[in-house]
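Listed below are the residues making up each chain.
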Amino acid sequence: MSTSEPVWFTSAVTDGSTERRRAAPAAAAGAGTLLQLLRDGVPRTRSELSALTGLARSTVTGRVDALLAAGLIAPSGETASTGGRPPATFAFNPAAKIALGADLGATHARLAVTDLAGNVLTAVNADLEIALGPEAVLDLVVEHGRKLLDEVGRPVRDLLGIGIGLPGPVEHSTGRAVNPPIMPGWDGFDVPSYVRQRIPVPVLVDNDVNIMALGEHFTAWPEYEHLLFIKAATGIGCGIIAGGQVYRGAQGAAGDMGHIRVAGADDAHCRCGNTGCLEAVASGAAIAAKLTAEGIPAGGSLDVVELARSGSVPALRRVRQAGRDIGEVLAGAVNFFNPSIIVIGGSLALAGDHLIAGVREVIYQRSLPLATRHLRIAAARTGESSGAIGAGVMVIEHALDPARLDAGTGALKPTSHKTNG
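Residues numbered from 1 in each chain as written. Predicted model: local features only at pLDDT ≥ 70, side-chain atom pairs only at ≥ 80, totals over all residues. Heavy atoms only, no water.

The name an unreviewed UniProt entry gives the chain is ROK family protein, with Glycomyces albidus as the organism. Regarding the chain, the relevant UniProt record gives this comment under Sequence similarities (unreviewed entry): "Belongs to the ROK (NagC/XylR) family." (UniProt positions renumbered as here; feature names shortened; annotations may be inferred.)

See below:
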């Protein structure tokens, strides 16, 4: 790379509830931009950072010192000398801070503490009824969160923030649930304020599918800039990663594919009040109801999975058709959005290859050849931990955003935790 030409970096900026990329000239690069360069884990010298950013060596030194004081980078040895004292190198220090992520479902809670690289340090799964209401549920989240901090031996001051995923529509900019169908008492509740009163750190809230998409992308598919994550379980939802960032839409409702109409399903009544919704014909709950009506008792998604794994032909047939129905909706999304990869997760995906086979069958038949030329359709890799990891990653990306760091509102302040090195 020529150092005589200006170098451009991309940084995430917030516009309402939608994140997008905006180019910023290297000449304006602050400590936050230097940190973004180092987050790839590659040790670099001050001279290398100066060459990459176009900043004067003295300016780089000052910003490196600020990152060292915050513990966000640490010395990483020396490079070979070309004469004189070998230059010191610096690398990202994932242990500087931690994040707490909580993935809340209809009947469960999964919490994880991660370092700044998204590595899980400790985690817990617990039975928890979301219908208990926000105060009871969030009090338990705070209780479990404090226990996890004790387990890793880190004080609250080392906590960058708390990310929470909810099983319903969320206005991300305010952290409030909006008309959630299975969450009595949660509509409009100020989740961030309630949690901050108990643990005084930033609190970010999103719906569960978005954080699962973020966790799956960050952990398993970082090379794909445009990703659709499909959660097929009791309900059906889609998390959208566009340009490497979660895309939420104007009001946070992007990806609600479970309530897109499926042709020929007019007699299927959905919990949203409409008929013919994808969720009403292809969700785990819908399949379980159909099997039960056929004389094969099934109480929900997990029963459907168990039947499919045991070789039940009716269950396998229903799961395959659910994949086709999901593919019917996704075929339009593939033409419209042109993703690089579609990742299928959720409990129904545990039934084996039948669900994904049904999805592939329809998408490759119905979508344009150009849109499917390099399209990959794969099973989720991160498993049930994707939501908790994604909630933590949401906090990390928010706190380490270059613009926020340079404005002094992120993690750029001295830390009490001993760094690696």
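Novice: When you look at the environment of Arg 261 in this model, what are you seeing that I'm missing?
Specialist: Mapping Arg 261 onto the fold places it in the loop between strand 15 (245-246) and helix 7 (278-282). Excluding residues within four positions of it along the chain, Arg 261 makes contact with Asp 266, Gly 276 and Cys 277. (Helix = DSSP H or I, 4+ residues; strand = E, 2+ residues; numbered from the N terminus. Contact = heavy atoms within 4.5 Å.)

Novice: Got a minute to help me understand the side chain of Asp 158 in this structure?
Specialist: For Asp 158, the position within the fold is in the loop between helix 4 (134-152) and strand 9 (159-166). At 2.9 Å, the side chain of Asp 158 forms a polar contact with the side chain of Arg 154. (Polar contact = N/O pair within 3.5 Å; in protein donor to acceptor, adjacent residues only side chain to side chain.)

Novice: Looking at this model, I keep getting lost on the nonpolar core. Mind explaining?
Specialist: By size, the foremost hydrophobic cluster in this structure holds 46 residues, and its most contacted members are Ile 230, Met 257, Ile 326, Leu 330, Ile 342, Ile 344 and Leu 355. At the level of elements, strand 13 (227-232), strand 14 (236-242), helix 7, helix 8 (284-293), helix 9 (301-309), helix 10 (313-337), strand 16 (341-345) and helix 11 (353-366) are the ones that each hand at least two residues to this core. Top element by residues in this core is helix 10. It accounts for 8 residues. Those residues within four positions of Ile 344 in sequence are excluded, and the remaining contacts are Ile 230, Ala 349, Leu 355, Ile 356, Val 359, Ile 377, Ala 378, Ala 379 and Ala 380. (Core = buried A, V, L, I, M, F, W, Y, C linked by side-chain atoms within 4.5 Å. Buried < 20%, exposed > 50% of the residue type's maximum accessible area, 1.4 Å probe, protein only.)

Novice: Mind showing me how you'd approach the confidence of the model for the chain here?
Specialist: Detailed reading of the predicted coordinates is not advisable wherever pLDDT is low. Confidence along the chain averages 88 in pLDDT terms, with 88% of residues attaining 70 or more. Counting contacts from residues 1-28, a segment whose pLDDT is below 50, to residues more than four positions away or on other chains yields 53 contacts. Every residue in residues 417-421 scores below 50 in pLDDT, and together they form 11 contacts with partners more than four places removed in sequence or on other chains. (pLDDT = per-residue confidence, 0-100.)

Novice: Sorry, what's going on with the sheet that holds strand 7 (residues 108-115) here?
Specialist: Adjacent strands of a sheet form backbone hydrogen bonds with each other and so pair up, either parallel or antiparallel. Reading across the sheet, the 5 strands line up as 8-7-6-9-12 and stay open at both edges, with mixed pairing between neighbours. What marks the edges here is a single partner per strand, and that holds for strand 8 (120-127) and strand 12 (203-207). Averaged over all neighbouring strand pairs, the angle between strand axes comes to 15°, with direction disregarded. Its contacts with the sheet place helix 6 (residues 208-220) against strand 6 (98-104), strand 9 and strand 12, and it is angled at close to 100° to strand 12. (Pairing = 2+ DSSP bridges. Axes fitted to C-alpha atoms, helices over the stretch in contact; angles between N-to-C directions.)

Novice: Any chance you could explain the pattern of salt bridges here in plain terms?
Specialist: When the charged atoms of two side chains with opposite charge come close together, those side chains can pair. Enumeration over the complete set of coordinates arrives at 16 salt bridges. Where Arg 248 meets Asp 206, a salt bridge forms, and the shortest distance between an N and an O atom there is 2.6 Å. On the criterion of sequence distance, the pair formed by Arg 248 in the loop between strand 15 and helix 7 and Asp 206 in strand 12 is long-range, its members being 42 residues apart. Residue Arg 366 pairs with Glu 328 through a salt bridge whose shortest N-O separation is 2.5 Å. With a gap of 38 residues between them, Arg 366 in helix 11 and Glu 328 in helix 10 connect regions that are remote in the sequence. (Salt bridge = Lys/Arg side-chain N within 4 Å of Asp/Glu carboxyl O.)

Novice: Which parts of the structure should I look at to understand the pairing of strand 14?
Specialist: Walk down a regular strand and you will see the side chains alternate between the two sheet faces. With 6 of 7 residues buried, strand 14 is to be regarded as a mostly interior element. Note: strand 13 against strand 14, 6 bridges, orientation antiparallel. Within the sheet, the bridge partner assigned to Leu 227 lies in strand 14 and is Ile 241. In textbook terms, the turn of a hairpin is the stretch between consecutive antiparallel strands, and for strand 13 and strand 14 this stretch comprises 3 residues. Hairpin geometry of strand 14 and strand 15 is characterised by an intervening segment of 2 residues between the two adjacent antiparallel strands and by a positive phi of about 60° at Gly 243.

Novice: Mind showing me how you'd approach the packing of helix 2 (residues 46-53) against helix 3 (residues 57-70) here?
Specialist: A pair of packed helices can be characterised by two numbers: the angle between their axes and the separation between those axes. Direction vectors running N to C along helix 2 and helix 3 enclose 115°, while the axes themselves pass 9 Å from each other. In terms of axis orientation, helix 2 runs roughly perpendicular to helix 3. Note on packing geometry: the crossing formed by helix 2 with helix 3 is right-handed. Residues Arg 46, Ser 47, Leu 49, Ser 50 and Thr 53 of helix 2 form the contact with helix 3, whose participating residues are Arg 57, Val 60, Thr 61, Val 64 and Asp 65. (Parallel < 35°, antiparallel > 145°, perpendicular 65-115°, else oblique. Left-handed = near helix turned anticlockwise from the far one by under 90°.)

Novice: Honestly, unusual backbone geometry in this entry has me stumped. Any pointers?
Specialist: Glycine aside, a negative phi is what most residues show, and trans is what most peptide bonds show. Its identity as a non-glycine residue notwithstanding, Asn 179 has a phi of 50°, on the positive side. Relative to the helices and strands, Asn 179 is located in the loop between strand 11 (176-177) and helix 5 (191-196). Of note, Asn 338 is a non-glycine position whose phi angle comes to about 55°, a positive value. Checked against the element boundaries, Asn 338 lands in the loop between helix 10 and strand 16. Classification of Asn 338 as partly exposed rests on a relative accessible area of 42%.

Novice: Any chance you could explain helix 6 here in plain terms?
Specialist: With 13 residues, helix 6 extends 18 Å between its outermost C-alpha atoms, agreeing within 8% with the 18 Å of an ideal straight helix rising 1.5 Å per residue. Along helix 6, 11 of the 13 residues are buried, which leaves the element largely enclosed by surrounding structure. What helix 6 keeps buried is the set Asp 208, Val 209, Asn 210, Ile 211, Met 212, Ala 213, Leu 214, Gly 215, Glu 216, His 217 and Ala 220. Two or three places before Val 209, at the start of helix 6, stands the capping residue Asn 207, its side-chain oxygen 3.0 Å from that residue's backbone nitrogen. (Expected span 1.5 Å × (residues − 1).)

Novice: So what exactly am I meant to see when it comes to the sheet that holds strand 16 here?
Specialist: Across the sheet, 5 strands lie side by side as 15-14-13-16-17; this open sheet has mixed pairing. Pairing within the sheet leaves two strands with one partner each, and these edge strands are strand 15 and strand 17 (376-379). Bridging between strand 16 and strand 17 involves 4 bridges; their strand directions are parallel. If you follow Ile 342 over to strand 17, its bridge partner there is Ile 377. Helix 6 contacts strand 13, strand 14, strand 15 and strand 16 of the sheet and is inclined by roughly 50° relative to strand 14. Contacts from helix 11 reach strand 13, strand 16 and strand 17, with the element oriented near 170° to strand 17.

Novice: When you look at the packing of aromatic side chains in this model, what are you seeing that I'm missing?
Specialist: A ring pair, where both rings are aromatic, is described by two values, the distance of the centres and the angle of the planes. Scanning the entire structure with this criterion turns up 2 aromatic pairs. Taking the ring centre of Trp 221 as reference, the NZ or CZ of Arg 381 above it sits at 3.9 Å. (Phe/Tyr/Trp six-rings, centres within 6.5 Å; stacked < 30°, edge-to-face > 60°. Lys NZ or Arg CZ within 6 Å of the ring centre and 35° of its normal.)

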